[in-house]
Amino acid sequence: GTTSFDDLIACVLAHDSLQIIQSLGYNRLVLQIGRGKVVPEPFSTESFTLDIYRYKDSLKEDLQKADLVISHAGAGSCLETLEKRKPLIVVINERLMNNHQLKLAKQLHKDGHLFYCTCSMLPGLLQSMDLSTLKCFLPGQPEKFSAFLDKVVGLQK
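Cut-offs used in this document
- Within any chain, residue numbers begin from 1 and follow the written order of that chain's sequence.
- Per-residue local features of the predicted model are confined to residues with pLDDT of at least 70, and side-chain atom pairs are confined, for both listing and counting, to 80 or more; whole-chain, interface and lining totals are unaffected and use all residues.
- For the side-chain quantities, the full set of heavy atoms in the structure was used; hydrogens and water were omitted.
- UniProt positions are given in the numbering used here, feature names are shortened, and annotations may be inferred rather than shown by experiment.
- Here a strand pair is declared whenever DSSP counts at least two bridges between the two strands.
- To qualify as a helix, a DSSP run of H or I must reach at least 4 residues; to qualify as a strand, a run of E must reach at least 2; elements of each kind are numbered from the N terminus.
- The axes used here are C-alpha line fits, helices contributing only the stretch in contact, and every angle between their N-to-C directions lies in the interval 0 to 180 degrees.
- What counts as a ring pair is set by centres within 6.5 Å for rings of Phe, Tyr and Trp (its six-membered ring), and what kind of pair is set by the plane angle: stacked under 30 degrees, edge-to-face over 60, tilted for all other angles.
- The rule is simple: take the accessible area with a 1.4 Å probe, protein chains only, and divide by the maximum for that residue type; under 20% is buried, over 50% is exposed, in between is partly exposed.
- Only when the NZ atom of a Lys or the CZ atom of an Arg is both within 6 Å of the ring centre and within 35 degrees of the ring normal do we say a charge sits over the ring.
- Buried residues of nine kinds, namely Ala, Val, Leu, Ile, Met, Phe, Trp, Tyr and Cys, make up a nonpolar core once their side-chain atoms join them within 4.5 Å.
- Here, two residues are considered to be in contact whenever any of their heavy atoms come within 4.5 Å of each other.
- Between Lys or Arg on one side and Asp or Glu on the other, a salt bridge is scored when a side-chain nitrogen of the former is within 4 Å of a carboxyl oxygen of the latter.
- Polar contact is the term for a pair of N or O atoms within 3.5 Å; when the atoms are in protein, one must be able to donate a hydrogen and the other to accept it, and sequence-neighboring residues count only if both atoms are side-chain atoms.

- The name an unreviewed UniProt entry assigns to the protein is UDP-N-acetylglucosamine transferase subunit ALG13, from the organism Capra hircus.
- The record in UniProt for the protein states the following under Subcellular location (unreviewed entry): "Endoplasmic reticulum".
- Database annotation for the protein, UniProt heading Sequence similarities (unreviewed entry): "Belongs to the glycosyltransferase 28 family."

**Thoughts on the sheet that holds strand E4 (residues 69-71)**
Here is step 1: Reading across from one edge, E4-E5-E6 is the order of the 3 strands in this open sheet, with parallel pairing throughout. If you trace the sheet from one side to the other, it starts and ends with E4 and strand E6 (115-117), each paired once. Each adjacent strand pair in this sheet contributes to an overall mean axis angle of 20°, direction not counted.
Here is step 2: In this structure, E4 lies alongside strand E5 (residues 88-91), joined through 3 bridges in parallel fashion. Of the residues in E5, the one forming a bridge with Ile70 is Ile89.

**Overview of the packing of aromatic side chains**
Here is step 1: A complete count under the given rule lists 1 aromatic pair for this structure.
Here is step 2: With centroids separated by 6.1 Å and ring planes inclined at 35°, the aromatic side chains of Phe43 and Phe48 adopt a geometry described as tilted.
Here is step 3: For Phe48, a relative accessible area of 2% gives the class buried.
Here is step 4: Positioned over the ring face of Tyr53 is Lys56, at 4.3 Å from the centre of the ring.

**Notes on the nonpolar core**
Nonpolar side chains in soluble globular proteins tend to end up buried together.
Here is step 1: Of all hydrophobic cores here, the largest spans 24 residues; its most connected members are Ile89, Leu122 and Leu126.
Here is step 2: Elements represented by at least two residues in this core include exactly helix H1 (6-13), helix H2 (15-23), strand E1 (28-32), E5, E6 and helix H6 (122-128).
Here is step 3: A total of 4 residues in this core trace back to one element, the largest contributor, which is H1.
Here is step 4: Residues contacting Leu122, with those up to four places away along its chain left out, are Cys11, Val12, Ser17, Ile89, Val91 and Cys117.
Here is step 5: The next biggest cluster of nonpolar side chains, apart from the first, holds 15 residues, and it includes Val69, Cys78, Leu82 and Ile92.

**Observations regarding the pattern of salt bridges**
Here is step 1: Per the stated rule, a full pass over the model turns up 3 salt bridges.
Here is step 2: Among the salt bridges present, the one from Asp51 reaches Arg28, with a minimum N-O distance of 2.7 Å. On the criterion of sequence distance, the pair formed by Asp51 in strand E3 (residues 49-53) and Arg28 in strand E1 is long-range, its members being 23 residues apart.
Here is step 3: The class of Asp51 is partly exposed, set by a relative accessible area of 25%.
Here is step 4: Taking the shortest distance from any N to any O, the salt bridge between Asp62 and Lys56 comes out at 3.0 Å.

**Points about the side chain of Asp6**
Here is step 1: Relative to the helices and strands, Asp6 is located in helix H1.
Here is step 2: For Asp6, the side chain forms a polar contact with the main-chain nitrogen of Lys37, separated by 2.9 Å.
Here is step 3: Beyond its immediate stretch of four places on either side in the chain, Asp6 contacts Gly36, Lys37 and Val38.

**As for helix H4 (residues 75-83)**
Here is step 1: For H4, the full list of buried residues reads Cys78, Leu79, Thr81 and Leu82.
Here is step 2: Phi turns positive, to about 60°, at Arg85, one or two residues after H4.

**Re the pairing of E3**
Here is step 1: Here E1 pairs with E3 via 5 bridges, running parallel. Each residue of the ladder has a partner; that of Val30, found in E3, is Asp51.
Here is step 2: Bridge count for strand E2 (residues 43-44) against E3 is 2 bridges, and the pairing is antiparallel. Opposite Ser44, over in E3, you have Thr49 as the bridge partner.
Here is step 3: If you look at the hairpin formed by E2 and E3, you'll find 4 residues sitting between the two strands.

So, in structure tokens, the structure goes:
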């Protein structure tokens, strides 16, 4: 929430992505836009609702209600989502230097916990993903996640 997610918001709201999200049976999309410059208009139709907000103190309630989470690969966002046992698609920010987000997403994908893609690959992933193949991430082991993160970002061998 302390950053801008303009690329992520734009790719989720792209016509192709929205059509696929709706065709998969999702009828509500909630976007945290942070301090971004992309500010979509919330709307509601008989079959679909778009809600937006900049920040919330806690994402707990949104995560509990979510059937699918599409997020950037921040370690906190990934951990919070996976601990709630929610299906997760991570969209990599390709503009980041020394992309630890990509390393984190690749490892969590390799372990079967999430799907990841770039913005341009999101529509294809949404169409091809099989959420039933995802494995539960066992919560309550922050020291293991911390050690894993240290390894991913190169603080530990």
